[in-house]
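Structural overview
The residues making up each chain are set out below.
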Amino acid sequence: METKEINYKGFKVNGFLMLFFLLVILAISVWLFFWGTYGIIAGIILALVWFVLLIGFMKLEPNESSVMVFFGKYKGTFKETGFFWVNPFMTRKKLSMRARNLNVDPIKVNDKVGNPILIGLVLVWKLKDTYKAMFEIDSQTMASGSVATGTVVNVANKMKAFENFVSVQSDAALRQVAGQYAYDNNVVSDAEITLRSGGEEVNVDLLSELNNRLEMAGIEIVEARINYLAYAPEIAAVMLRRQQAEAIISAREKIVEGAVSMVKMALERIEDENIVELDVDKKAAMISNLMVVLCADESAQPVVNTGSLYQ
């Protein structure tokens, strides 16, 4: 991905060294007030200089950065950790580069075959390009619009604005990806990837779609995963009955397959061991009785024959 961010190479001084220098200036300014009219004037000027220089202090913690702007011109991004002093006329816009979580609430979309479903995701995101984040999207206006008039726009407000941007784009990306896959294999071939069976493949597509949408904002999606997937309430009951019917049919197929195998084995054992000779009609009756016993949902009630075999 192309980046427009550059490292700040402007003038900077160790903050503690500059703090000692300002204390010296303050002491000289106070001392000048005792030297008559000219001393007072010089002391006032020196005090004004002291107040201006005091604005230049800045502190950055690990995974924080500050976008440096000099009268509207981008001068680079300051990323060194510590306490520094820079040009007091330089506008500093602090940003957090730390990773953040976003849990997108489930939304209703249509899958590939038109079924309404509920789908949600959780993602991890962070700022990657501070230039794009500050100047490619109107993050500053979004941040100022989320606070009361007159309130200072701090790092938390800016990051909240980015989070709102990520949330909206995540919603759009989730709808795009969900529309490319069917919910399950009930109406598509077993070889086709679905939202339920796709797993990692669907997450990879979702991650790619999100990064494409958020590249313009200098935001990188580290990880994105679907964390909620279900049919919409209006069809959930119907789909549940369909799944129950499919489960019953599958179970019946297994029962019949086992019953046929057992009947076949029983007939072969009777013939091999010459237990009794059965004609075609008796074999058919025996098969019918065994199939009823083996395939019935409830235990069969036997009827005892007290006569001969042919009565």
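Before reading further, recall that the structure is shown in the block above.
Our subject in this report is the structure included herewith. Note that the structure is predicted; figures quoted are calculated from it, not measured. (Residues numbered from 1 in each chain as written. Predicted model: local features only at pLDDT ≥ 70, side-chain atom pairs only at ≥ 80, totals over all residues. Heavy atoms only, no water.)

Examining the overall build of the protein
Threshold: Segments assigned H or I by DSSP are reported as helices when at least four residues long, segments assigned E as strands when at least two residues long, and all are numbered from the N terminus. Exposure categories follow from relative accessible area, calculated using a 1.4 Å probe and restricted to protein chains: below 20% of the type maximum is buried, above 50% is exposed, and the middle band is partly exposed. Note that accessible areas follow from Shrake-Rupley with a 1.4 Å probe, and for residues the cover is restricted to the protein chains shown.
For the protein, the helix and strand inventory stands at 9 helices and 9 strands. The proportion of buried residues among the 311 residues of the protein is 34%. Carbon and sulfur atoms make up 60% of the accessible area of the protein, which amounts to about 19,100 Å² in all.

Looking at the nonpolar core
Which entries qualify depends on this criterion: Residue types Ala, Val, Leu, Ile, Met, Phe, Trp, Tyr and Cys, when buried and joined through side-chain atoms within 4.5 Å, form a set referred to as a nonpolar core. Residue contacts are counted whenever heavy atoms from the two residues lie within 4.5 Å of one another.
One finds Leu123, Trp125, Leu127, Phe162 and Ile219 to be the most contacted residues of the largest nonpolar core, which totals 38 residues. Elements with a minimum of two residues in this core: strand S3 (64-70), strand S7 (100-110), strand S8 (116-127), helix H3 (130-135), helix H5 (155-178), helix H7 (200-214) and strand S9 (219-231). The greatest single-element share of this core, amounting to 8 residues, is contributed by H5. Apart from the residues lying within four places of it in its own chain, the contact partners of Phe162 are Leu95, Trp125, Leu127, Ala133, Met134, Ile137, Ser139 and Ile219.

Some remarks on the packing of helix H1 (residues 15-32) against helix H2 (residues 36-54)
Two measures define how a pair of helices packs: the angle their axes make with one another and the distance between the axes. Spelled out, the test is: To obtain each axis, a line is fitted to C-alpha atoms, and for helices this fit is confined to the stretch in contact; angles are then taken between N-to-C directions over 0 to 180 degrees. Throughout, the term roughly parallel applies to angles under 35 degrees, roughly antiparallel to angles over 145, roughly perpendicular to angles from 65 to 115, and oblique to all others. In this scheme the crossing of two helices becomes right-handed for a clockwise turn of the near helix relative to the far one and left-handed for an anticlockwise turn of less than a right angle.
At their nearest, the axes of H1 and H2 sit 8 Å apart, and the two run at 160° to each other. Viewed along their axes, H1 and H2 adopt a mutual orientation that is roughly antiparallel. Of the two possible hands of crossing, H1 and H2 adopt the one that is left-handed. In contact with Met18, Leu22, Leu23, Ile25, Leu26, Ile28, Ser29 and Leu32 of H1, H2 contributes Gly39, Ile40, Ala42, Gly43, Leu46, Ala47, Trp50, Leu53 and Leu54.

Structural notes on the side chain of Glu64
Rules: Within 3.5 Å is the distance limit for a polar contact, defined as a pair of N or O atoms, with the added protein rule that one can donate a hydrogen and the other accept it, and that residues adjacent in sequence qualify only through two side-chain atoms.
Here Glu64 is to be found in strand S3. A polar contact is formed between the side chain of Glu64 and the backbone nitrogen of Glu61, at a distance of 3.1 Å. With near-sequence residues (within four places) excluded, Glu64 lies in contact with Lys59, Phe78, Lys79, Lys94, Leu95, Met97 and Arg98.

Looking at the pairing of strand S5 (residues 82-86)
Regular strands have side chains that alternate between both faces of the sheet. Put simply, the test is: The pairing criterion is simple: DSSP has to find at least two bridges between the two strands.
The pairing of strand S1 (residues 12-14) with S5 spans 3 bridges and is antiparallel. Counted as the bridge partner of Asn14 is Phe84 from S5. Relative to S5, strand S2 (residues 57-60) is paired through 4 bridges, and the arrangement is antiparallel. The partner of Lys59 across the bridge, within S5, is Phe83.

Remarks on the packing of H5 against H7
Under the convention used in this document: As a working rule, the residues Ala, Val, Leu, Ile, Met, Phe, Trp, Tyr, Cys and Pro are called nonpolar, Asp, Glu, Lys and Arg charged, and the rest polar, with Gly in that last group.
For the pair H5 and H7, interaxial distance at closest approach is 9 Å and the crossing angle is 135°. With respect to H7, the element H5 is oriented oblique. Crossing of H5 against H7: the hand is right-handed. Facing H5, whose interface residues are Phe165, Val166, Gln169, Ser170, Ala172, Ala173, Leu174, Gln176 and Val177, H7 presents Val202, Asp205, Leu206, Glu209, Leu210, Arg213 and Leu214. Broken down by class, the residue content of the contact of H5 with H7 amounts to 10 nonpolar, 3 polar and 3 charged.

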